[in-house]
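Listed here are the chains, written in short residue letters.
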Amino acid sequence: MSSSQDVFAAVHQHILEGNSEQAVSSTREGLSAGLAPMTLVYEAMIPALQEVGRRFEAGDYFLPEMLVAAAAMQASMEVVRPLLAESEAEPIGIFVMGTVAGDIHDIGKNLCNVMLESGGFRVIDLGINVPADAFVEAIREHRPDAVGMSAFVTTTMPEVDRTIQAIEAAGLRNEVKIMVGGAPLDQEYADQVGADGYAPDANSTVRVTKQLLGLE
Ligand code: B12
């Protein structure tokens, strides 16, 4: 039986190299050895993608490497996902989530969704590349308690601002709490665009949302 460090190293390496099959089998091995799913996510999977980002920035990785690494991460996430998402009979709130227009990054968003679900929320995922109008429509249709916008590229960050303005223009701003997140965003940006909350990771997304809604 491998030690947990061996499993972390294997999952990390397979994601880094974009080996989906091996990433999945190492993840399964970790779980059957008793490792907590979230520990695998935070100790192995996320650091692997951070390293992918570093290599991409340094010019050692290109888009194809980034794509296969992302696919391996998604495959590993599918293994842990059923263990994280609880099916609550009565949700504590409705959360509409989407990646803003022009942006196709969804791994961070999906992780937030899993944690929000396991924290008791019903999540309506609008997917990637979501135009401001679609957020507005979803608020009208689903009457959520909170809306989340994810952005990962500096060029798509202005879409967060634009979407909040569209929600305001539609007269819906006071109906929902707005959460924003994604790699280039921070609290300062959230304040600047008038969001209610910012969170740097999935766990704090659940915590901050609950605080904003007076659920904690
Ligand atoms: C994987 C990846 C891709 C994959 C995405 C696959 C997918 N299905 O998501 C692919 C290959 C498609 C891709 C494409 C591109 N990418 Co890319 N990508 C990445 C990479 C390596 C990892 C991102 C990731 O998923 N991380 C894992 C998650 C778990 O990250 P996380 O930030 O910890 O997530 C947490 C928080 O952000 C937060 N959160 C996330 N969303 C939300 C939402 C809310 C509401 C809240 C509250 C919190 C929250 O919670 C999450 C969970 O804990 C990053 C590097 C990096 N450092 O981020 C580059 C990176 C984001 N990409 C980058 C670039 C440049 C691109 C491209 C433009 C490349 C190109 N030349 O085409 C395209 C853009 C395509 C587009 N239009 O969107 C740059 C952005 C630079 C910048 N400052 O603008 C980065 C930073 C790489 C780099 N260092 O240069 N990419």
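Residues numbered from 1 in each chain as written. Predicted model: local features only at pLDDT ≥ 70, side-chain atom pairs only at ≥ 80, totals over all residues. Heavy atoms only, no water.

A count of helical and extended segments in the chain gives nine helices and five strands. In sequence order, the chain lays out its α and β elements as α-α-α-α-β-α-β-α-β-α-β-α-β-α. Its C-alpha atoms give the chain a radius of gyration of 18 Å, within 12% of the compact-globule value 17 Å for 216 residues. Taken over the C-alpha atoms alone, the chain extends approximately 55 × 45 × 25 Å along its principal axes. Within the chain, buried positions represent 46% of all 216 residues. Of the roughly 10400 Å² of accessible surface on the chain, a fraction of 50% belongs to carbon and sulfur atoms. On the chain, the mean spot of the 13 positive side-chain charges and the mean spot of the 31 negative ones are 5 Å from each other. (Helix = DSSP H or I, 4+ residues; strand = E, 2+ residues; numbered from the N terminus. Rg over C-alpha atoms; globule rule 2.2 N^0.38 Å. Buried < 20%, exposed > 50% of the residue type's maximum accessible area, 1.4 Å probe, protein only. Areas by Shrake-Rupley, 256 points an atom, 1.4 Å probe, with all protein chains shown as cover. Lys, Arg positive; Asp, Glu negative; His and termini not counted. Charge placed at Lys NZ, Arg CZ, Asp CG, Glu CD.)

Bringing the site of the ligand into the picture now. Taken together, 39 residues lie near the ligand, and Ile-104, His-105, Asp-106, Ser-150 and Thr-154 sit nearest. Separating an oxygen atom of the ligand from a backbone N or O atom of Ile-107 is a distance of 3.4 Å. Ser-150 is positioned such that a nitrogen or oxygen atom in its side chain is 2.8 Å from a nitrogen atom of the ligand. Among the elements of the structure, α3 (37-58), α4 (63-84), α5 (107-118), β3 (146-150), β4 (177-181) and α9 (202-212) are those that each provide at least two residues to the shell around the ligand. Looking at the shell around the ligand element by element, the count peaks at seven residues for α3. Considered class by class, the residues forming the shell around the ligand number 23 nonpolar, 11 polar and five charged. (Near = heavy atom within 4 Å. Polar contact = N/O pair within 3.5 Å; in protein donor to acceptor, adjacent residues only side chain to side chain. Nonpolar A, V, L, I, M, F, W, Y, C, P; charged D, E, K, R; others polar.)

Here we take up the pairing of strand β2 (residues 121-125). Sheet analysis places strand β1 (residues 93-99) next to β2, joined by five bridges and oriented parallel. Residue Val-96 lies in a different strand from β2, and its bridge partner there is Ile-124. Note that the unit made of β1, α5 and β2 has a crossover that is right-handed. (Pairing = 2+ DSSP bridges. Right-handed = clockwise from strand over helix to strand, strands pointing away.)

Right, let's get into the environment of Asp-125. Here Asp-125 is to be found in strand β2. Considering only alpha carbons, one finds Asp-125 and Ala-138, 13 residues apart in sequence, at a separation of 9.8 Å. Within polar-contact distance, the side chain of Asp-125 engages the side chain of Lys-109 at 2.9 Å. A polar side-chain atom of Asp-125 sits 2.8 Å from the main-chain amide nitrogen of Gly-127.

This next bit is on the packing of aromatic side chains. By the definition in use, this model includes one aromatic pair. A ring pair is formed by Phe-95 and Phe-121, whose centres lie 6.3 Å apart and whose planes are at 80°; its orientation type is edge-to-face. Pair noted here: Phe-95 is in strand β1 and Phe-121 is in strand β2, with a separation of 26 residues, a long-range link. For Phe-121, a relative accessible area of 4% gives the class buried. (Phe/Tyr/Trp six-rings, centres within 6.5 Å; stacked < 30°, edge-to-face > 60°.)

With that settled, the discussion passes to the coordination of the cobalt atom of the ligand. Protein coordination of the cobalt atom of the ligand is limited to a single donor, His-105 (NE2), positioned at 2.3 Å. Structurally, His-105 is set in the loop between β1 and α5. (Donors = N, O, S within 2.8 Å, 3.2 Å for Na, K, Ca; no water.)

A few words now on the side chain of His-14. On the secondary structure map, His-14 appears in helix α1 (residues 4-16). With residues up to four places along the chain from it excluded, the contact list for His-14 reads Asn-19, Gln-22, Ala-23, Ser-26 and Ala-72. (Contact = heavy atoms within 4.5 Å.)

Segmenting the chain into domains produces domain 1 (4-84) and domain 2 (93-212). Here the C-alpha centroids of domain 1 and domain 2 sit 25 Å apart. Contact with domain 1, which involves 11 residues of that partner, is made by 11 residues of domain 2. For the pairing of domain 1 and domain 2, the buried interface totals around 900 Å² over both sides, and the portion due to carbon and sulfur atoms is 69%. Taken as a group, Tyr-42, Arg-81 and Leu-84 account for 49% of the area that domain 1 buries against domain 2, more than any other trio of residues on that side. Counting across the interface, domain 1 meets domain 2 through one salt bridge. In this structure, Glu-117 and Arg-81 form a salt bridge, with 3.8 Å as the shortest nitrogen-oxygen distance. Counting across the domain 1 and domain 2 interface gives two residue pairs in polar contact (both at pLDDT 80 or more). The set of elements that each furnish at least two residues to the side of domain 1 that touches domain 2 consists of α3 and α4. At six residues, α4 tops the list of elements feeding residues into the side of domain 1 that touches domain 2. Of the residues in the side of domain 1 that touches domain 2, the class split is nine nonpolar, one polar and one charged. (Domains from an automatic or database assignment. Buried area = accessible area lost by both parts, 1.4 Å probe. Salt bridge = Lys/Arg side-chain N within 4 Å of Asp/Glu carboxyl O.)

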